[in-house]
Amino acid sequence: MAPASVAVSLSFRVVPPRPCRRRARWPRPIRASSDGSGVANGDRKVGALEGRVGDLRAVVASVPPAVAAIKKNIGLNFIAGFCLGITLLAAVARQVIIRIHERDNKGSVADLIRRGQLKSGQRGIAKPRVYDDPFNNPLVKIDEDTSTAQVFGKEYRLAPIRLTKEQQAMHQKRRSRTYQWKRPTVFLKEGDSLPPDVDPDTVRWIPVNHPFAAASTEVDEETAKQNVYQKDGVPSRVKAEHEALQTRLEASNNVNKFSSSQRNMQLSDRQLRLSSNESSGSRQNSLSGTVKNQNGQPTLESEKRSPDNNSQSKSLEEQ
Amino acid sequence: MAFAPRLLLPSRCPPPASSPARHGGRTAPELSGPTPRVVVVTSGKGGVGKTTTTANLAASLARLSLSAVAVDADAGLRNLDLLLGLENRVHLTAADVLAGDCRLDQALVRHRALHDLQLLCLSKPRSKLPLAFGSKTLTWVADALRRAANPPAFILIDCPAGVDAGFVTAIAPAEEAVLVTTPDITALRDADRVAGLLECDGIKDIKIIVNRVRPDLVKGEDMMSALDVQEMLGLPLLGVVPEDAEVIRSTNRGVPLVLNDPPTPAGLALEQATWRLVERDAMTAVMVEEQERPKKKAGFFSFFGG
């Protein structure tokens, strides 16, 4: 940083005094006027001026020369103060310059990344991960000679593990004495009765509101196990549902077929009967007009038939 | 007595810190043990970072091209999907597999960026698991994954807090455990109890991750160090994760911390823990305190910021 600060401090150049282009101001000559009163006035003015100059000379003579005064009063304190002042001035100026520089860079990609508003990884300017080994990479350096590790720029002391196999065994013994436990293998809902073939020590009682406390399962244990082990094919429930649906569909198709064939048969019988017994009585017609629907309920055939059987209806009405 | 005072424990000469050297110069850890390895991430106490650890371990494993299935065993309050950014893609769960609504491979949600990472949720938030075989669900799932055509290298089970039915279900298929704890006395007591229950269940391979460590507080003796935690629990250390504000950011973004670019201290610590997990290794040295940097000789222009 030192060269930078040097550069910064040198950036202030001392501006040399500009040569004065204007004509030097010389005391104007006092003009003598032509008239007598003017002469008297002029003498008086010259006298006053000379008096003032004399006063000034006296003042200058009474004041000790500046160089002598500086030589007399200057000391280490003055030099230190002067240097401190210059230093402070330079530091302030540096801060101002930095702020101006930052203001100039606002909104740049680097600035946005620095402020976390932009992911550097997406911009293609991030440094890729340059390691495969998490124990030895630019971010993790382990120095075995000094037993130190440098992780993310910070140094840590490496302390060796003190646990021995004996201590480990001792802790295991302590725990086995303290915690004597047998893993439950049967889950039962609280309030249920204990099955006769189950060891009470292997039972875990589950509260009703527990996620495991489903009221009942639709599959038995063996089926569930088979479901888990199933490697390919249609899952069992999906298959079962599909088969059930298929069966129902087939059953409904059969019923439709059956009902439609039955109806056709009845219709043909009726037509035959009608054609053969055209002259027979209306009583017989009214009896043959009742059929049963899909649900077995009796319905009047005339209600379902087309309006071309007006003769039958008319005959019934006539009766 | 749950904890032995630190001063009463005999101090032995420790093994040399050789772990960093062993890892040096390699690009991937060596997978140890038969696969799939079923690891349960548990703690006992809630809010110590189980789910964050699970998500990051799984993501880090997938980044190392080790296929991993992360199972959220928290039936009531699942969050692993959020941390992995998969919350909008979980439509089928293990409960649906049990019911026969889908196959197991259909219930696994594959991560879009990390193809070796898959997520399985136990159930939907407001649904209930069948009681009769709730404890056996994950055992079957782990076994089915083991028998799959392409079995994963790791099955990481995110255990719910507490030691009730959810815990029992989560630990049932596990062979090893990662115990996450924070360096405070409440978390340590629960961790010790959980370690005891795990050991009673036959899980002997238990390692601890000390989460949310603040070296400045440790240095000022306002917080227990990872070594103190280890001495109290008597378990090998898998990792020490420092407190990091980036954890909250990564959680909200749904991107695991280990995928952060640029890397973060917590992300790197979790990556290191993943390497140790893969190699069945443990920490041999921990960073305990921040060292004072030697002060540079102040120059004349240091006043200006140099």
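Nothing here was measured: the structure is a model prediction, and the numbers come from that model.

We now examine the overall build of chain B. In terms of regular secondary structure, chain B is built from 12 helices and 9 strands. Counting all 306 residues of chain B, 59% fall into the buried class. Considering only intrachain contacts with a sequence separation of at least 6, the fraction spanning at least 24 residues in chain B is 78%.

A count of helical and extended segments in chain A gives 12 helices and 7 strands. Put simply, chain A has 319 residues, and 18% of those count as buried. Considering only intrachain contacts with a sequence separation of at least 6, the fraction spanning at least 24 residues in chain A is 19%. Accessible surface, chain A as shown: approximately 25200 Å² in total, 56% of it carbon and sulfur.

Quick look at the environment of B:Val229 now. Residue and element names in this part refer to chain B. Along the chain, Val229 falls in helix α10 (residues 226–233). For Val229, a relative accessible area of 0% puts it in the buried group. Taking the C-alpha atoms as reference points, Val229 and Ile208, 21 residues apart in sequence, are found 9.2 Å from one another.

The next subject is the pattern of salt bridges. All names here are of chain B. A full pass over the atoms with the stated rule returns 21 salt bridges over all chains. Measuring nitrogen to oxygen at the nearest pair gives 2.9 Å for the salt bridge that ties Asp216 to Arg214. Shared partners join several salt bridges into a network, and the residues in it are Arg37, Glu176, Asp205, Lys207 and Arg280.

Okay, the sheet that holds strand β7 (residues 205–213) of chain B next. Residues and elements named next belong to chain B. With mixed pairing, the 8 strands of this open sheet are ordered in space as β3-β4-β2-β5-β1-β6-β7-β8. Each edge of the open sheet carries a strand with a single partner, namely β3 (109–110) and β8 (237–242). Both strand β6 (residues 176–181) and β7 contribute to a ladder of 6 bridges, which runs parallel. Bridge pairing in β7 links Ala177 to Ile206. Strand contacts of helix α2 (residues 50–63): β1 (37–42), β2 (68–72), β4 (117–121), β5 (154–158), β6 and β7, with the helix running at about 165° to β5, the strand carrying the most contacts. Sheet strands in contact with α10 are β6, β7 and β8, and its direction is about 145° off that of β7.

A separate point is the nonpolar core. Membership of the largest hydrophobic core comes to 69 residues, with the highest contact counts inside it found for B:Ile157, B:Leu237 and B:Val286. Counting residues in each nonpolar core, the second largest holds 42 residues, with B:Val39, B:Ala58, B:Leu83 and B:Ile209 among its members.

In this section: a nonpolar patch on the surface. Side chains of A:Leu76, A:Phe78, A:Ile79, A:Phe82 and A:Ile86 sit close together on the surface and give an oily, nonpolar patch of about 570 Å² of accessible area. Structurally, A:Ile79 is set in helix α4 (residues 76–105).

All right, on to the packing of α2(B) against helix α12 (residues 265–279) of chain B then. Two quantities define a packed helix pair, namely the angle between the axes and the distance from one axis to the other. Residues and elements named next belong to chain B. α12 packs onto α2 with a crossing angle of 70° between their chain directions and a minimal axis gap of 9 Å. As far as their axial angle goes, α12 and α2 are roughly perpendicular. When the axes of α2 and α12 are compared, the crossing they make is right-handed. Contact residues: Thr53, Asn56, Leu57, Ser60, Leu61 and Arg63 in α2; Leu270, Glu271, Ala273, Thr274, Leu277 and Val278 in α12.

Residues and elements named next belong to chain B. Per the UniProt record, "binding site: ATP" (unreviewed entry) is annotated on Lys45, Gly46, Gly47, Val48, Gly49, Lys50, Thr51 and Thr52. Assignment of secondary structure puts Gly46 in the loop between β1 and α2. The class for Gly46 is partly exposed, based on a relative accessible area of 34%. Relative to the helices and strands, Val48 resides in the loop between β1 and α2. Take Val48: its relative accessible area is 2%, and that puts it in the buried class. Those residues in contact with Val48, other than ones at most four positions away along the chain, are Ser43, Val180, Thr181, Thr182, Ala187 and Asn211.

All names here are of chain A. In this model, chain A carries an average pLDDT of 69, and 54% of its residues clear a pLDDT of 70 or more. In this model, residues 29–36 is a region of pLDDT below 50 whose contacts with residues beyond four sequence positions or in other chains number 4 contacts. Segment residues 279–319 is flagged for pLDDT under 50; beyond a separation of four residues in sequence, or across chains, it makes 35 contacts in the model.

Okay, the environment of B:Pro242 next. Residue and element names in this part refer to chain B. One can find Pro242 in strand β8. Overall, the relative accessible area of 21% leaves Pro242 in the partly exposed class. For Pro242 and Leu270, which are 28 residues apart along the polypeptide, the C-alpha to C-alpha distance reads 9.6 Å.

What follows covers the packing of helix α7 (residues 165–178) of chain A against helix α8 (residues 185–200) of chain B. Remark: α7(A) packs on α8(B), axes separated minimally by 9 Å, with the N-to-C direction vectors making an angle of 85°. Looking at the two axes, α7(A) sits roughly perpendicular to α8(B). Residues A:Gln172, A:Arg174 and A:Arg175 of α7(A) form the contact with α8(B), whose participating residues are B:Asp192, B:Ala195, B:Gly196 and B:Glu199. Its residues assigned to classes, the contact of α7(A) with α8(B) shows 1 nonpolar, 2 polar and 4 charged.

All names here are of chain B. Omega for the peptide link from Thr35 to Pro36 comes to -5°, which places this bond in the cis form. Phi at Arg212 is positive, roughly 60°, even though this residue is not glycine. Here Arg212 lies in strand β7. Taking the relative accessible area as the measure of exposure, Arg212 reaches 40% and is therefore partly exposed. In the Ramachandran plot, Arg280 falls in the positive-phi region, its phi being about 55° despite a non-glycine side chain.

How each quantity is defined
- Residues numbered from 1 in each chain as written.
- Chains lettered and ligands numbered in written order.
- Predicted model: local features only at pLDDT ≥ 70, side-chain atom pairs only at ≥ 80, totals over all residues.
- Heavy atoms only, no water.
- Helix = DSSP H or I, 4+ residues; strand = E, 2+ residues; numbered from the N terminus.
- Buried < 20%, exposed > 50% of the residue type's maximum accessible area, 1.4 Å probe, protein only.
- Contact = heavy atoms within 4.5 Å.
- Areas by Shrake-Rupley, 256 points an atom, 1.4 Å probe, with all protein chains shown as cover.
- Salt bridge = Lys/Arg side-chain N within 4 Å of Asp/Glu carboxyl O.
- Pairing = 2+ DSSP bridges.
- Axes fitted to C-alpha atoms, helices over the stretch in contact; angles between N-to-C directions.
- Core = buried A, V, L, I, M, F, W, Y, C linked by side-chain atoms within 4.5 Å.
- Patch = residues over 30% accessible without salt bridge, like charges linked within 9 Å, V, L, I, M, F, W, Y side chains within 5 Å.
- Parallel < 35°, antiparallel > 145°, perpendicular 65-115°, else oblique.
- Left-handed = near helix turned anticlockwise from the far one by under 90°.
- UniProt positions renumbered as here; feature names shortened; annotations may be inferred.
- pLDDT = per-residue confidence, 0-100.
- Nonpolar A, V, L, I, M, F, W, Y, C, P; charged D, E, K, R; others polar.

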